[in-house]
Amino acid sequence: MAVTINEVAEHAGVSPMTVSRVINGSQRVRAETRTRVEQAIAELGYVPNSLARGLSRQKAGTLALIVPDVANPFFTLIVRGAENVARRAGYRVILCNTESDLEREHEYVQEMLAHRVEGILIAPANDRSLRHMRIIQRHGVPFVLLDRAVAGMECDLVQGDSVGSARQLVEHLVRLGHSRIALLGGEPEISTTRDRVQGYRQGLQGAGLAWDPALEIHSRYEITGGYQAAQRMLELPTLPTALLAVNNVVAVGVVLALRERGLEVPRDFALACFDDIEYASLLFPFLTAMVQPAESFGTLATQLLLDRIDGRGSEQRRHVVLASELIVRASCGSNRVAMPSLAQY
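Residues numbered from 1 in each chain as written. Predicted model: local features only at pLDDT ≥ 70, side-chain atom pairs only at ≥ 80, totals over all residues. Heavy atoms only, no water.

Overview of the sheet that holds strand β7 (residues 216-217)
Hydrogen bonds along the backbone pair up the strands of a sheet, which may run parallel or antiparallel.
Phase 1: In space, the 6 strands of this open sheet follow the order β7-β6-β8-β9-β10-β12, with mixed pairing throughout. Two strands lie at the open edges of the sheet, namely β7 and β12 (325-327), each paired on one side alone.
Phase 2: With 4 bridges connecting them, strand β6 (residues 181-184) and strand β8 (residues 242-245) associate as parallel partners. Residue Leu183 lies in a different strand from β8, and its bridge partner there is Leu244.
Phase 3: Those strands touched by helix α8 (residues 162-175) are β6, β8, β9 (270-274), β10 (288-291) and β12, and its axis lies near 165 degrees from that of β9.
Phase 4: In this fold helix α9 (residues 191-206) packs onto β6, β7, β8 and β9, with an angle of close to 175 degrees to the strand it touches most, β6. (Pairing = 2+ DSSP bridges. Helix = DSSP H or I, 4+ residues; strand = E, 2+ residues; numbered from the N terminus. Contact = heavy atoms within 4.5 Å. Axes fitted to C-alpha atoms, helices over the stretch in contact; angles between N-to-C directions.)

Written as structure tokens, this is what we have:
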């Protein structure tokens, strides 16, 4: 059974209150007594119940981090950055993975508020997450949005330059000779999708290319979504020559769908995407990607949140937009510019 604070007190020959004072760093304990208590803690292997101590002070010393897909390398890096900053500040992080499910997101918000977390970092599922943001606001808990804005919610936000980055990816494909470029993946209810659509269309317009609504194929931000979007793309009577995937996991689904039809990147289609796949790119430098500084998303958002918790935040919302870097690899090729017809397949 777990060692109790009473057993530590008895072993050290002091009261439980004295043990509590030592654990909480109180200066009202003599050095000799403090040493005796610390030695008893070490000998018995006592682990203080930090949650119980936090709740007694109406503070749990924890932050919540709610993300839509922890398996996505982009969000994995965000978690790393957030946790590093939180730990240095003396906070623990509770990770919640919603799988982009609104009901699950609602449950996590309720649970974290009941847990009395001191702040919440959240990458919302979509615009319908607004009601969850309102719940957090009503409880007076500071929160910061990650990666995605929510229509109708003005609050601290850290996101990437999706508009400019999508435009830059299109410009890169145009320079390689492509004039029929498809945008695959992403749900319009998510702000990053809308921003990337905007940048995609700006890139086409800037190159003097006509926008074809048939080449915008939306789907979920997941491998299955990319697979389904590519399947629908392959049903078009005139196929594109280049594909722009809204993120890395969508790109994986696209490649799977193409290979199922005996098609390859970049032999049959050029492919570029948002976000890198850490480590995979080191083994085989394949995907051309617009790399967002994912870990910095978590680092900066957590610092903004800690500022709010400590009362250092400004009255105005703070909106941080992080630049991306285009990493050119083999997946775009340079020779695949003839428009294929379904008859070929």
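Here the narrative resumes.
Observations concerning the packing of aromatic side chains
Phase 1: The tally for this structure, following the rule as stated, stands at 2 aromatic pairs.
Phase 2: Between the aromatic rings of Phe74 and Phe75, the centroid separation amounts to 5.1 Å while the plane-to-plane angle is 75 degrees, which identifies the pairing as edge-to-face.
Phase 3: Among the residues examined, Phe74 registers a relative accessible area of 4% and is labelled buried.
Phase 4: Residue classification places Phe75 among the buried positions, given a relative accessible area of 4%.
Phase 5: Considering the side-chain rings of Phe74 and Phe297, the 5.3 Å spacing of their centres and the 80 degrees angle between planes classify their relative orientation as edge-to-face. In this pair, Phe74 sits in helix α5 (residues 73-88) while Phe297 sits in helix α13 (residues 294-309), placing the two residues 223 residues apart along the sequence.
Phase 6: Through a chain of ring-to-ring contacts, three or more aromatic side chains come together here, namely Phe74, Phe75 and Phe297.
Phase 7: A cation over an aromatic ring shows up here: Arg148 above the ring of Tyr221, its NZ or CZ 5.4 Å from the ring centre.
Phase 8: Stacked on the ring of Phe274, the Lys or Arg Arg196 has its end atom at 3.9 Å from the ring centre. (Phe/Tyr/Trp six-rings, centres within 6.5 Å; stacked < 30°, edge-to-face > 60°. Buried < 20%, exposed > 50% of the residue type's maximum accessible area, 1.4 Å probe, protein only. Lys NZ or Arg CZ within 6 Å of the ring centre and 35° of its normal.)

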